[in-house]
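# Structural features, examined
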Amino acid sequence: MEEKEQIRKLRTQLHDYNYRYYVLNRSDVTDEEFDRLMHQLQELEARHPELFDPNSPTQRVGSDLSEGFSQVTHRYPMLSLANTYNEEEVAGWYENIRRDLGGEPFEVCCELKYDGLSISLTYEEGRLLRAVTRGDGTRGDDVTANVRTIRTIPLVLPGKGYPHQFEIRGEVLMPWSVFEEINIERQAAEEPLLANPRNAASGTLKSLDSRLVARRHLDAYLYYLLGDEVPFDGHYENLQAARQWGFPISEGMQKVDTLEDIYRFIAHWETARHDLPVATDGIVLKVNSGRQQRTLGFTAKSPRWAIAYKFKAERVCTRLNDVSYQVGRTGAVTPVANMDAVLLAGTTVRRATLNNEDFIRSFDLHLGDYVYVEKGGEIIPKIVGVDLTRRDAAAQPVKFVDRCPECGAQLVRYDGEAAHYCPNDSGCPPQIKGRIEHFIARRAMNIDSIGPETVDEYYRRGLIHNIADLYDIRIEQIDGDGSRQKSARKIVNGIHASLAVPFERVLFALGIRFVGETSARVLARHFKSMDALMEARLDELLEVEGVGRVIAESIIRYFRNPDNRTIVERLRGYGLQMALATSWQQGLTHRLEGQNIVISGVFEHYNRDQYKALIEQHGGKNVGSISSKTSFILAGANMGPAKLQKAEQLGIKVMSEDEFLRLIND
Ligand code: IVH
């Protein structure tokens, strides 16, 4: 078979498997077979850049090309919905419809209101052309590259009978399971938690790195079909057709013709929604007939033919028994409310975060108070008020601790910060253990032969007191009686393997406050070695792009501390990477210093990632979108016409691959 034909066949086949798996929840192929076919397609596509197709199943993995986002004007504005909060308001809307339709019978389509971010997808000849966010309703961001990574959204429609051009709108969502998983990871790394799946989905979809989007496993439901040639008059019928074409359409949808049926639908989902894999915040009611919708029309902000009914945020009242305090890796002390157990939105709640002293003050909380607890879109319950009528006359106000509950040190509160800190970083157990846990984490030294329980055990047994002690652990120490030889060896080997971890991650692993993964990377590339970084002055640190005063001062503070210097020296002695790998430094020049370079098209000699690395190695900066600040465009084959035009307009040089290579190798 000709390779071109092979590519076509594989694309169809993989699209079909994806559709069965992600939309129909069926699997007709083993994972290995799927991977094998995908791999085969990737190889064929690499050999045939001229057959590149942004809708190929291989494109689902995303690229880290930050194309920026261009803005697109919606063909039909994206309106919002008027909200109602109780049955009377729903009845009011229903009566208005009856009146405005002159008493004509009408049907209502009842749907779930998904709580994510809305998206508009345009398809032409059954292929995804564009995906645009709501934006301001008139114009939105073109997020096509990111949306392509959402597995439930078809890139090429598997069904038949769709119009040649149409738009379909819906909601992009982060499933609870993904949301919870990310927060567990963040909690372990003491990073701020994502507030709710909606923000998380929105932040993800607007990320410039589509590989990150692909990893986050977003989902989508579509709920509105538009276009000049939609098949039916009925909205419900159109969505059933769209399901046949291959779109993810909610099963929680019902067509009714009485107000009582609407109430029943609401009552059912008010509780059943807790079993759904994604967040919902209400019900949407839509007059079903397109003809009647046109009769009813729109107000300036929303259609008259549709309305949202918002679920009540679930709120319960329970007793605050006492306040305990948690100390994190950085020494930050977080107050936690311990309450009488109470059932809230399907789970038993006993604890709620109180954030900090100001939060406690703002409610003037007293011990024994009856507090209102809510769980909105958030997963962590929060206190939203106090029932003052039930406060005992003798109740004592909650007083923030002034000593560390773990080590007894006097707490400090820095200017401008809401949190209290335990300053005893080298003697306070949760801080010590927290730093070690951070050090071994996957994104840091990736020592997966030990976990938090082991860290706790070794700490209690006096084996480790800081991160450097890890490298001193010997098999005999772990395996006192010789019964755990195998696992002890595995642990020690795992620790030893981390000597290969590159410098930038070693730097991140140290756990210097405010130095996250990204700043560690730029610092490593800028200073190139631990020695240079340790000696850097404040002004030198501030020169690094993305390093502000807070980070710079924290680095200075860290290395000023002799204990930290000792630890770094010990790590160096064990053989950890204390400088950028030489392969990175080789061929380093300043030839592209100060240049902003856009990469576009398909390349012959190196792939995009390699070109990106080359640009950085030679002091340049890879940027996502063309602007007047762009120095030149490194263009491969098939550069998009819109980009070419923009480059011409702005008079920006378009450089070929060969020219570029000559420039840096000369
Ligand atoms: S229909 C003109 N249906 O709610 C009508 N919207 O507050 C367009 N939403 O911006 C919207 N689930 O993001 C519709 N089943 C559903 C929905 C839904 C969630 C969102 C959508 C919209 C917002 C309006």
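So, a few notes on the structure that sits alongside this text.

Quick notes on the rules
- Residues numbered from 1 in each chain as written.
- Predicted model: local features only at pLDDT ≥ 70, side-chain atom pairs only at ≥ 80, totals over all residues.
- Heavy atoms only, no water.
- Buried < 20%, exposed > 50% of the residue type's maximum accessible area, 1.4 Å probe, protein only.
- Helix = DSSP H or I, 4+ residues; strand = E, 2+ residues; numbered from the N terminus.
- Arc of directions from axis to C-beta.
- Contact = heavy atoms within 4.5 Å.
- Near = heavy atom within 4 Å.
- Polar contact = N/O pair within 3.5 Å; in protein donor to acceptor, adjacent residues only side chain to side chain.
- Areas by Shrake-Rupley, 256 points an atom, 1.4 Å probe, with all protein chains shown as cover.
- Nonpolar A, V, L, I, M, F, W, Y, C, P; charged D, E, K, R; others polar.
- Phe/Tyr/Trp six-rings, centres within 6.5 Å; stacked < 30°, edge-to-face > 60°.
- Axes fitted to C-alpha atoms, helices over the stretch in contact; angles between N-to-C directions.
- Left-handed = near helix turned anticlockwise from the far one by under 90°.

Think of an α-helix as 3.6 residues a turn; residues three or four steps apart then line up on the same face. Within helix α6 (residues 197-205) the residues assigned to the buried category are Pro197, Ala200, Ala201, Thr204 and Leu205. Here the buried residues of α6 occupy an arc of 125° about the axis, which is enough to place them on one side. Buried residues along α6 sit in contact with β4 (117-124), α4 (144-147), β7 (165-173), α5 (176-188) and α7 (210-215).

The next subject is the site of the ligand. Around the ligand sit Leu81, Glu111, Leu112, Lys113, Tyr114, Ser118, Glu171, Tyr223, Tyr224, Val284, Lys286 and Pro303, and that is every residue in its neighbourhood. Leu112 has a polar backbone atom sitting 3.0 Å from a nitrogen atom of the ligand. Contacts to the ligand include Tyr114, whose backbone N or O atom sits 3.0 Å from a nitrogen atom. Relative to its unbound accessible surface of 530 Å², the ligand loses 89% to contact with the protein. Of all elements in the fold, only β3 (108-114), β8 (219-226) and β10 (280-287) reach the threshold of two or more residues within the shell around the ligand. The dominant element in the shell around the ligand, judged by the number of residues it contributes, is β3, at four residues. The residue inventory of the shell around the ligand, partitioned by class, reads seven nonpolar, one polar and four charged.

This brings us to the packing of aromatic side chains. Inspection of the entire model under this criterion finds 21 aromatic pairs. Judged by centre distance (5.0 Å) and plane angle (50°), the ring pair of Tyr94 and Phe106 falls under tilted. Pair noted here: Tyr94 is in helix α3 (residues 87-100) and Phe106 is in the loop between α3 and β3, with a separation of 12 residues, a long-range link. A relative accessible area of 8% places Phe106 in the buried class. Between Tyr414 and Tyr421, the aromatic rings sit 5.4 Å apart at their centres with planes inclined by 40°, giving tilted as the arrangement. The exposure class assigned to Tyr414 is partly exposed, which follows from its relative accessible area of 41%. For Tyr421, a relative accessible area of 6% gives the class buried.

With their axes 11 Å apart at the nearest point, α3 and helix α9 (residues 259-272) run at an angle of 140° to one another. For the pair α3 and α9, the crossing hand works out as right-handed. Taking contact as the criterion, the partners of Glu87, Val90, Ala91 and Tyr94 in α3 are, on α9, Leu259, Ile262, Tyr263 and Ile266. Here the residues of the contact of α3 with α9 sort into seven nonpolar, no polar and one charged.

Glancing now at unusual backbone geometry. Of note, Glu125 is a non-glycine position whose phi angle comes to about 50°, a positive value. Relative to the helices and strands, Glu125 is located in the loop between β4 and β5 (127-133). Positive phi outside glycine occurs at Phe514, with the angle close to 70°. The topology assignment puts Phe514 in the loop between α16 (503-509) and α17 (517-527). Overall, Phe514 belongs to the partly exposed group, its relative accessible area being 41%.

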